[in-house]
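Here is how the chains run, residue by residue.
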Amino acid sequence: MASLQGPRAPLEFGGPLGAAGLLLLLPATMFHLLLVARSGPARLLGPPPYLPGLEVLWSPRALLLLLTWLGLQAALYLLPARKVAEGQELKDKSRLCYPINGFQALVLTALLVGLGMSIGLPLGALPEMLLPLAFAATITTFIFSFLLYMKAQVAPASALAPGGNSGNLIYDFFLGRELNPRICSFDFKYFCELRPGLIGWVFINLALLVQEAEQRGSPSLAMWLVNGFQLLYVGDALWHEEAILTTMDITHDGFGFMLAFGDLAWVPFTYSLQAQFLLYHPQPLGLPMAAVICLINAIGYYIFRGANSQKNTFRKNPSDPSVSGLETIPTATGRQLLVSGWWGMVRHPNYLGDLIMALAWSLPCGVSHLLPYFYVLYFTALLVHREARDERQCLQKYGRAWQEYCRRVPYRILPYIY
Ligand SMILES: NC(=O)C1=CN([C@@H]2O[C@H](COP(=O)(O)OP(=O)(O)OC[C@H]3O[C@@H](n4cnc5c(N)ncnc54)[C@H](OP(=O)(O)O)[C@@H]3O)[C@@H](O)[C@H]2O)C=CC1
Ligand SMILES: CC(C)CCC[C@@H](C)[C@H]1CC=C2C3=C(CC[C@@]21C)[C@@]1(C)CC[C@H](O)C(C)(C)[C@@H]1CC3
């Protein structure tokens, strides 16, 4: 129970009231975006075109499809992995093991879908099912989060997350109580973070591309760009799967509604918003503009990958020749902080790269609508909030050394601005 965990962690996300608001607001926003994307005016800030009844939202076929997808991804997760990685040290000094086979799961899923299409699987019919699929995913994540909450009741105190154990039911349900809920070696948080939602996102994108080709003879250049950029992002995440083990989602946050809904519903159904918008609102895109957008995405990816790889290499082996020449600040924990290279430019260079890519994903949709820029706006808010959470944790972990780092590298995400 919470009291066994020592001093209570400060409440985040506006406490119980904020959590209750987000429990309603997140699904409502997702359905708003899905409805608006297929409406004529596609107005982000207006009311939804209509309020769908249960007969539109509820479909046993959609639920079956969702459960089949989750089952397939779980089966691929359980296949022999090329590598098994160890996670960060836990409170009880143990380390958990994680299979590294996410990229293999992506490739095998592509082969299975390709095989299915060659024997008549109507992938182009998926866009019509997005609303009932999102509804099924929402119901499933509410039930799943409840089961996770109940599982945490019988977990030892050492297995609970630093936050998410306030004693307030709604807050703890939202944030998640247990750090690494598992059944045998099956790790639910790690599985959900990278597999069904992320892989689902690129296949929803692909289905939108196929549907566009069926409707208009061939996919548009804008649709190709959005599909290509986002496939690169997901492929990169799965290729560097091990890096997820040091993110705050895995090392700090419990597994509750926020991450379950984020991973299984929010990511596939709202991150595919640009492709959804393009299917219903085709946008002309010339080659010169497409080249500029590709360049923006490439710059973003270069910063994102460079920064993430530099930190991951440094954390794994500080004497690696690619990072051994970088300037560092020692900390009382024995770990060091990079203060030159990417991490000497701003304190979160990887966020900067990610944001530049986010912009490149929206630009193919033109500038006539605000809707496709929702991802840029949401992602900016998410990363600014995440950066503040991470800074708080780093200050607690590294104390004076972190203050020295902030003095030497004063900007957080955007040089000379923020
Ligand atoms: N698409 C999406 O929806 C989302 C994408 N992301 C992306 O995920 C990636 C990971 O993000 P996230 O987990 O938030 O954070 P980071 O990868 O930035 O990790 C932060 C941690 O890095 C370490 N660190 C910070 N500064 C330094 C330094 N100067 N030298 C060495 N180590 C340092 C600290 O941990 P320690 O010292 O313990 O190693 C700190 O807690 C990012 O690229 C982000 O853009 C994130 C959220 C959502
Ligand atoms: C909906 C809520 C407001 C918040 C939910 C947040 C989640 C959607 C995100 C929290 C951290 C994430 C990460 C990725 C996807 C989104 C979530 C789950 C990530 C897997 C995307 C791909 C990247 O390369 C990454 C670095 C592996 C990301 C890790 C964090």
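Rules used in this analysis
- Residues numbered from 1 in each chain as written.
- Chains lettered and ligands numbered in written order.
- Predicted model: local features only at pLDDT ≥ 70, side-chain atom pairs only at ≥ 80, totals over all residues.
- Heavy atoms only, no water.
- UniProt positions renumbered as here; feature names shortened; annotations may be inferred.
- Helix = DSSP H or I, 4+ residues; strand = E, 2+ residues; numbered from the N terminus.
- Near = heavy atom within 4 Å.
- Areas by Shrake-Rupley, 256 points an atom, 1.4 Å probe, with all protein chains shown as cover.
- Nonpolar A, V, L, I, M, F, W, Y, C, P; charged D, E, K, R; others polar.
- Disulfide = S-S within 2.5 Å.
- Buried < 20%, exposed > 50% of the residue type's maximum accessible area, 1.4 Å probe, protein only.
- Polar contact = N/O pair within 3.5 Å; in protein donor to acceptor, adjacent residues only side chain to side chain.
- Domains from an automatic or database assignment.
- Phe/Tyr/Trp six-rings, centres within 6.5 Å; stacked < 30°, edge-to-face > 60°.
- Lys NZ or Arg CZ within 6 Å of the ring centre and 35° of its normal.
- pLDDT = per-residue confidence, 0-100.
- Contact = heavy atoms within 4.5 Å.

Looking now at the UniProt feature "transmembrane region" (unreviewed entry) in the protein chain. Residues annotated by UniProt as "transmembrane region" (unreviewed entry) correspond here to residues 17-37, 57-79, 100-123, 129-150, 254-273, 285-304 and 355-384. For residues 100-123, helix accounts for 71% and strand for 0%, while the C-alpha atoms at its two ends are 28 Å apart. In this annotation, residues 285-304 is assigned 90% helix and 0% strand; the end-to-end C-alpha distance for the span is 26 Å.

Here the focus is the site of ligand 2. Taken together, 14 residues lie near ligand 2, and Ala237, Asp249, Asp263, Phe304 and Arg386 sit nearest. Summarising the interface, the protein chains cover 85% of the accessible area of ligand 2, which totals 640 Å² for the free molecule. For the shell around ligand 2, the elements supplying multiple residues, two or more each, are helix 7 (188-194), helix 9 (221-239) and helix 11 (257-270). With four residues, helix 11 is the largest single contributor of residues to the shell around ligand 2. Partitioning the shell around ligand 2 into residue classes produces nine nonpolar, one polar and four charged.

Taken as a whole and assessed by the stated rule, the structure comprises zero disulfides. Of all cysteine sulfurs in the structure, the one in Cys184 sits closest to Cys97, which takes part in no disulfide; the separation is 14 Å. Cys365 supplies the cysteine sulfur nearest to Cys294, a cysteine that is in no disulfide, at a spacing of 14 Å. Taking relative accessible area as the criterion, Cys294 reaches 32% and is therefore assigned partly exposed.

Another point: the site of ligand 1. Close contacts around ligand 1 come from 26 residues, with Tyr271, Tyr351, Asp354, Arg386 and Tyr398 the closest. At a separation of 2.6 Å, an oxygen atom of ligand 1 approaches a polar side-chain atom of Arg386. Contacts to ligand 1 include Lys397, whose side-chain N or O atom sits 2.6 Å from an oxygen atom. Across the complex, the protein chains shield 88% of the 930 Å² of accessible surface that ligand 1 would expose by itself. Contributing elements (two or more residues each) for the shell around ligand 1: helix 13 (287-316), strand 6 (336-338), helix 14 (349-362), helix 15 (374-398) and helix 16 (400-408). Examining the composition of the shell around ligand 1, we find that eight residues originate from one element, helix 15, more than from any other. Per-class residue counts for the shell around ligand 1 are 15 nonpolar, four polar and seven charged. Each of two domains, domain 1 (16-49 + 58-84 + 97-282) and domain 2 (285-418), supplies a minimum of three residues to the shell around ligand 1.

This paragraph deals with the packing of aromatic side chains. Enumeration according to the criterion identifies 35 aromatic pairs in this entry. Through pairs of rings, three or more aromatic residues link up here, namely Trp201, Tyr233, Trp266, Tyr271, Tyr301, Phe304, Trp361, Phe374, Tyr375, Tyr378 and Phe379. Sitting over the face of the ring of Trp239, Arg82 holds its NZ or CZ atom 5.8 Å from the ring centroid. Lying over the aromatic face of Tyr98, Arg182 brings its terminal NZ or CZ to 4.9 Å of the ring centre.

Summing up the model confidence of the protein chain, the mean pLDDT is 94 and the portion of residues at 70 or higher is 98%. Under a pLDDT of 50 for its full length, residues 1-6 has, in the predicted model, 11 contacts with residues more than four places off or in other chains.

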